[in-house]
Amino acid sequence: MKTIITYGTFDLFHYGHVRLFKRLRAMGDKLIVAVSTDEFNALKGKAAFFSYLQRAEIVEACQYVDMVIPETHWGQKAKDICKYDISTFGIGDDWKGEFDELSVLCDVVYLGRTGEISSTEIKNSLADNGAPANETRK
Ligand code: CTP
């Protein structure tokens, strides 16, 4: 049994998130997604549009996700890797190099982000003129 884990806020769930989950799930037999709580996001200076419970509900509904857990603090990852017997920690390459220290516990992989989409971009585009994000990029 090969279990994969990833972490993130996953606000305004979009196809970049789906593709990340799909690729991670294909690396093993089970995918655990740790979703940042609102309190943890506040510590990071980040505010999500959807609450933790709403984001967790949406992420859990994705066919590539087997389990959702809350991420409440920075030091949690090493404990989760031991607790859930994780084979691979995976995250987008906007975090490249940031979690290399976890490689003593499991494989660490950084996956290329899907281009031209992010929760921030969706928020900015809607706040700007309400046009679809792909139209504003033309
Ligand atoms: N991700 C991705 N491709 C995208 C957007 C995000 O692969 N186009 C990945 C990130 O690399 C990360 C995970 O999805 O591993 C969660 O990222 P998150 O920050 O929640 O999503 P973003 O859309 O990047 O949100 P924000 O703009 O708030 O940073």
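Residues numbered from 1 in each chain as written. Predicted model: local features only at pLDDT ≥ 70, side-chain atom pairs only at ≥ 80, totals over all residues. Heavy atoms only, no water.

### Some words on the site of the ligand
Of all residues adjacent to the ligand, which total 16 residues, the nearest are D94, T114, I117, S119 and T120. One of the backbone N or O atoms of F10 is found 2.9 Å from an oxygen atom in the ligand. Protein chains shield 91% of the accessible area of the ligand, which is 570 Å² for the free molecule. Assessed atom by atom at 2 Å from the grid points, the ligand resides in the largest pocket. For the shell around the ligand, the secondary-structure elements that each account for two or more residues are helix 1 (15-25), strand 4 (88-92) and helix 5 (119-128). Examining the composition of the shell around the ligand, we find that three residues originate from one element, helix 1, more than from any other. Grouping the constituent residues of the shell around the ligand by class yields four nonpolar, nine polar and three charged. (Near = heavy atom within 4 Å. Polar contact = N/O pair within 3.5 Å; in protein donor to acceptor, adjacent residues only side chain to side chain. Areas by Shrake-Rupley, 256 points an atom, 1.4 Å probe, with all protein chains shown as cover. 1 Å grid on protein atoms, 1.4 Å probe; cavity = no way out; pocket = protein on both sides within 12 Å on 5 of 7 lines; lining within 4 Å. Sits in = over half its atoms within 2 Å of the grid points. Helix = DSSP H or I, 4+ residues; strand = E, 2+ residues; numbered from the N terminus. Nonpolar A, V, L, I, M, F, W, Y, C, P; charged D, E, K, R; others polar.)

### A look at the nonpolar core
In terms of nonpolar packing, the biggest core is built from 16 residues, with F21, V33, V59 and V65 touching the most fellow members. For this core, the elements supplying multiple residues, two or more each, are helix 1, strand 2 (30-36) and helix 3 (52-60). Those residues in contact with V65, other than ones at most four positions away along the chain, are F21, L31, V33, V59 and E60. Among the nonpolar cores identified, the runner-up in size contains 14 residues, and I69, I86, V108 and Y110 belong to it. (Core = buried A, V, L, I, M, F, W, Y, C linked by side-chain atoms within 4.5 Å. Buried < 20%, exposed > 50% of the residue type's maximum accessible area, 1.4 Å probe, protein only. Contact = heavy atoms within 4.5 Å.)

### A short note on the packing of aromatic side chains
Under the criterion given, the structure shown has eight aromatic pairs. Taking the centre distance of 5.2 Å and the plane angle of 75° together, the rings of F40 and W74 count as edge-to-face. With F40 in helix 2 (residues 38-43) and W74 in the loop between strand 3 (67-71) and helix 4 (76-83), this pair connects stretches of sequence that are 34 residues apart. Since its relative accessible area comes to 0%, F40 is described here as buried. With relative accessibility at 48%, the residue W74 sits in the partly exposed group. A network of ring pairs unites the aromatic residues Y7, F40, W74, F89, W95 and F99 as a single cluster. Sitting over the ring of W74, K44 keeps its end group 5.6 Å from the ring centre. The residue whose ring lies beneath K77 is Y7, and the NZ or CZ to ring-centre distance is 4.8 Å. (Phe/Tyr/Trp six-rings, centres within 6.5 Å; stacked < 30°, edge-to-face > 60°. Lys NZ or Arg CZ within 6 Å of the ring centre and 35° of its normal.)

### Some thoughts on unusual backbone geometry
Within the chain, L12 stands out as a residue other than glycine whose phi angle is a positive 45°. Looking at the element boundaries, L12 is found in the loop between strand 1 (3-8) and helix 1. By relative accessible area, which is 16% here, L12 ends up buried. In this model, D85 sits at a positive phi of 50°, which is unusual for a non-glycine residue. If you trace the backbone, D85 turns up in the loop between helix 4 and strand 4.

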